[in-house]
Amino acid sequence: MNLIVNVDRNWAIGYKGKLLVSIPEDMKFFRTQTTGKVVVLGRRTLDTFPGGQPLKNRTNIILSRNPDFRVKGALVCHSVKEALKELEKYDSDDVYIIGGDAIYREFLPYCSVAHVTRTEHAYEADAWFPDLEADPEWTLTGESEERTYFDLEFRFCRYERRER
């Protein structure tokens, strides 16, 4: 499985239920990577999408603890175990974990590739992604040239889980 995330200098990912920054090139990268694939996300992340609707041209798997939660155009699972069972139907290379912070933490042990946009700025935040630089199980295997969006510097990084 893959995951895809934008983090700031301190591995922060959100504040008050919103992304810290929206960089058009990063959004395009996200669309390119996930279109036609399976995305796994939490219900609160779904709420941040336009109209609270699933992403188009993808299989959306939403996690919610609410047994009555339903959303048109998406599969709903009520536990990580249930979601993992559902994901067995798909090629793991086509699965992307897309947030939020609790979903990333729950699924990180099952992921082998992390697509991380590293933004060189420290934001006020209340949600973080685990620091893969400090995790001996992960190694940086690819990195783009530094890019800029206005005065913001960022780069696309690929981390892979070390062989166990």
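For the structure, see preceding data.
First, a word on scope: everything that follows refers to the structure included in this document. Everything numeric here is computed off the predicted structure, so don't read it as measured data. (Residues numbered from 1 in each chain as written. Predicted model: local features only at pLDDT ≥ 70, side-chain atom pairs only at ≥ 80, totals over all residues. Heavy atoms only, no water.)

Structural notes on helix H1 (residues 24-34)
Link 1 in the chain: Three or more residues of H1 are buried, namely Asp26, Phe30, Gln33 and Thr34. Viewed along the axis of H1, the buried residues span an arc of 80°, placing them on a single side of the element. Structural note: H1 exposes Lys28 and Thr32 on the side pointing more than 90 degrees away from its buried face.
Link 2 in the chain: In this structure, the buried residues of H1 make contact with strand S1 (2-7), strand S4 (38-42), strand S7 (95-99), strand S8 (113-119) and strand S12 (152-161).
Link 3 in the chain: Of the residues one or two after H1, Gly36 is the one with positive phi, at around 80°. (Buried < 20%, exposed > 50% of the residue type's maximum accessible area, 1.4 Å probe, protein only. Helix = DSSP H or I, 4+ residues; strand = E, 2+ residues; numbered from the N terminus. Arc of directions from axis to C-beta. Contact = heavy atoms within 4.5 Å.)

Points about the pattern of salt bridges
Link 1 in the chain: Counting across every chain of the model gives 11 salt bridges.
Link 2 in the chain: Across the pair Arg155 and Glu143 runs a salt bridge, and its minimum N-O distance is 2.1 Å. You can see Arg155 sitting in strand S12 and its partner Glu143 sitting in strand S10 (residues 138-143), a full 12 residues away along the chain.
Link 3 in the chain: One network of salt bridges, in which partners are shared, links Arg9, Glu120, Glu143 and Arg155. (Salt bridge = Lys/Arg side-chain N within 4 Å of Asp/Glu carboxyl O.)

Points about the sheet that holds strand S9 (residues 127-128)
Link 1 in the chain: Pairing is antiparallel across the open sheet formed by 3 strands, whose spatial order is S3-S2-S9. Strand pairing shows two members of the sheet lacking a second neighbour, strand S3 (18-19) and S9, which therefore form its edges.
Link 2 in the chain: Here strand S2 (residues 12-15) runs beside S9; their pairing, made up of 2 bridges, is antiparallel. Counted as the bridge partner of Ala12 is Trp128 from S9. (Pairing = 2+ DSSP bridges.)

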